[in-house]
Amino acid sequence: MPDPGHPPDAVSAQPPYAVPDSELADTVLGRLTTLYPAAGNPFRAQEMVAYMKGVAPFLGIRSPERRALSRTVLDGTPRPGEDDCAALALRCFALPEREYHYFAVDYLRRHVKRCSSAFLPVARRLVTTVSWWDTVDHLAAHVVGGLVAADRALGAEMDRWIDGDDPWIARTALLHQLRFREETDADRLFAYCLRRAADTDFFLRKAIGWSLREYAKTAPGEVRAFVADNRSLLPPLSVREALRHL
């Protein structure tokens, strides 16, 4: 879901990350960097750059066409291991055009169950590379969330992320339980919302409301009571988002 705001610099200030060797990633990247540019549209690319507030350059490939091309890219390739997932994702995010980042996110969403809890530092690297809602939110809900769902001990790492200086890392912590439904750790969710309630960052305020609204589909009474008890602490935007369907 698009949010207003100002994107960060496209070049991450993080130190270099060791990319694993992967023949699968070699094959996929070779196909990807051949098929995607050939399907690009410079005029559409300009529109996409403007819509995404200049966070990254685009090739100009619409989502349905991009997904069809991705199926061609992956045709006949084997199931990946964890190192394959890391190599492919990191190499895609090292490319400038945003469609490559989308490819990596889609790939990880599909194969996150093949990754162990040791993959979390890679996921963090991706969250903090060319950070914007269009990749961060999917990584949060489907990749980081998938890893935490498989290994609840990673909740301790989320406890560190929520207090991080990087708002995108904190947003990821807020959103990682979006798909947990009945398995949501409500105490953790509510605590996270209060720990960032005083933050003025738009994306964090929006994430507080979104995480509560999503949990309200499972536990509307709990969310309604939490908002009522803490209305003076929560930003008005977060309250509106949380109660939108209640």
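Residues numbered from 1 in each chain as written. Predicted model: local features only at pLDDT ≥ 70, side-chain atom pairs only at ≥ 80, totals over all residues. Heavy atoms only, no water.

**Focus on the nonpolar core**
In terms of nonpolar packing, the biggest core is built from 85 residues, with Phe103, Phe119 and Leu212 touching the most fellow members. Examining the composition of this core, we find that nine residues originate from one element, helix α7 (residues 133-150), more than from any other. In this structure Leu212 touches Leu189, Phe190, Cys193, Val223, Phe226, Val227 and Ala242, once residues within four positions along its chain are discounted. (Core = buried A, V, L, I, M, F, W, Y, C linked by side-chain atoms within 4.5 Å. Buried < 20%, exposed > 50% of the residue type's maximum accessible area, 1.4 Å probe, protein only. Helix = DSSP H or I, 4+ residues; strand = E, 2+ residues; numbered from the N terminus. Contact = heavy atoms within 4.5 Å.)

**Considering the pattern of salt bridges**
Counted under the stated rule, the structure contains 13 salt bridges. The closest approach of N and O atoms between Arg160 and Glu157, which form a salt bridge, is 2.7 Å. Linking Arg160 with Glu157, this pair stays in helix α8 (residues 155-161), spanning three residues, or about one helical turn. Assessed through its relative accessible area of 52%, Arg160 is described here as exposed. Between Glu241 and Lys206 there is a salt bridge, with the nearest N and O atoms lying 3.1 Å from each other. On the criterion of sequence distance, the pair formed by Glu241 in helix α13 (residues 236-242) and Lys206 in helix α11 (residues 202-216) is long-range, its members being 35 residues apart. Each member of the pair, Glu241 together with Lys206, is buried. Look at the salt bridges and you will find they share partners, linking Lys206, Arg213, Glu241 and Arg244 into a network. (Salt bridge = Lys/Arg side-chain N within 4 Å of Asp/Glu carboxyl O.)

**Quick notes on helix α9 (residues 167-175)**
With eight of nine residues buried, α9 is to be regarded as a mostly interior element. Among all positions of α9, only Trp168, Ile169, Ala170, Arg171, Thr172, Ala173, Leu174 and Leu175 are buried. Residues of α9 that are buried sit in contact with α6 (120-127), α7, α8, α10 (186-195) and α11. By the N-cap criterion, in which a side-chain oxygen at the helix start approaches the backbone nitrogen of a residue two or three places on, α9 is capped by Asp166, the distance to Trp168 being 2.8 Å. (Polar contact = N/O pair within 3.5 Å; in protein donor to acceptor, adjacent residues only side chain to side chain.)

**Describing the packing of helix α5 (residues 98-111) against α7**
Packing of α5 against α7 leaves a shortest axis separation of 10 Å and a crossing angle of 10 degrees. Considering the angle they form, α5 stands roughly parallel to α7. Every residue of α7 that contacts α5 at Arg98, His101, Tyr102, Val105, Leu108 and Arg109 is listed here: Asp134, Thr135, His138, Leu139, His142 and Val143. (Axes fitted to C-alpha atoms, helices over the stretch in contact; angles between N-to-C directions. Parallel < 35°, antiparallel > 145°, perpendicular 65-115°, else oblique.)

**Focus: the confidence of the model for the chain**
Per-residue pLDDT for the chain has a mean of 94; in total, 93% of the residues score no lower than 70. Overall, residues 1-15 carries pLDDT values under 50, and its contacts beyond four positions in sequence, including any with other chains, amount to 36 contacts. (pLDDT = per-residue confidence, 0-100.)

**Quick word on the packing of aromatic side chains**
For any pair of aromatic rings, the description consists of the separation of the ring centres together with the inter-plane angle of the planes. Under the counting rule described, the total for this entry stands at 10 aromatic pairs. Ring geometry for Phe103 versus Tyr107: centroids 6.2 Å apart, planes at 20 degrees, classification stacked. Of the two residues, Phe103 and Tyr107 both sit in helix α5, four residues apart, roughly one turn of that helix. Classification of Phe103 as buried rests on a relative accessible area of 2%. Taking the relative accessible area as the measure of exposure, Tyr107 reaches 3% and is therefore buried. Between the aromatic rings of Phe202 and Phe203, the centroid separation amounts to 5.5 Å while the plane-to-plane angle is 85 degrees, which identifies the pairing as edge-to-face. The exposure class assigned to Phe203 is buried, which follows from its relative accessible area of 7%. Through successive ring pairs, a cluster of aromatic residues spans Tyr36, Tyr100, Phe103 and Tyr107. (Phe/Tyr/Trp six-rings, centres within 6.5 Å; stacked < 30°, edge-to-face > 60°.)

**Quick look at the environment of Arg181**
Position of Arg181 relative to the elements: it lies in the loop between α9 and α10. For Arg181 and Ala153, which are 28 residues apart along the polypeptide, the C-alpha to C-alpha distance reads 18 Å. Setting aside residues no more than four positions away along its own chain, Arg181 makes contact with Tyr215 and Thr218. Only 3.4 Å separates the side chain of Arg181 from the backbone oxygen of Arg179, close enough to count as a polar contact.

**Thoughts on unusual backbone geometry**
Within the chain, Lys53 stands out as a residue other than glycine whose phi angle is a positive 60 degrees. Relative to the elements of secondary structure, Lys53 occurs in the loop between α2 (42-51) and α3 (63-74). Given the relative accessible area of 40%, Lys53 is considered partly exposed. Positive phi is not limited to glycine here, since Arg181 has a value of about 50 degrees.

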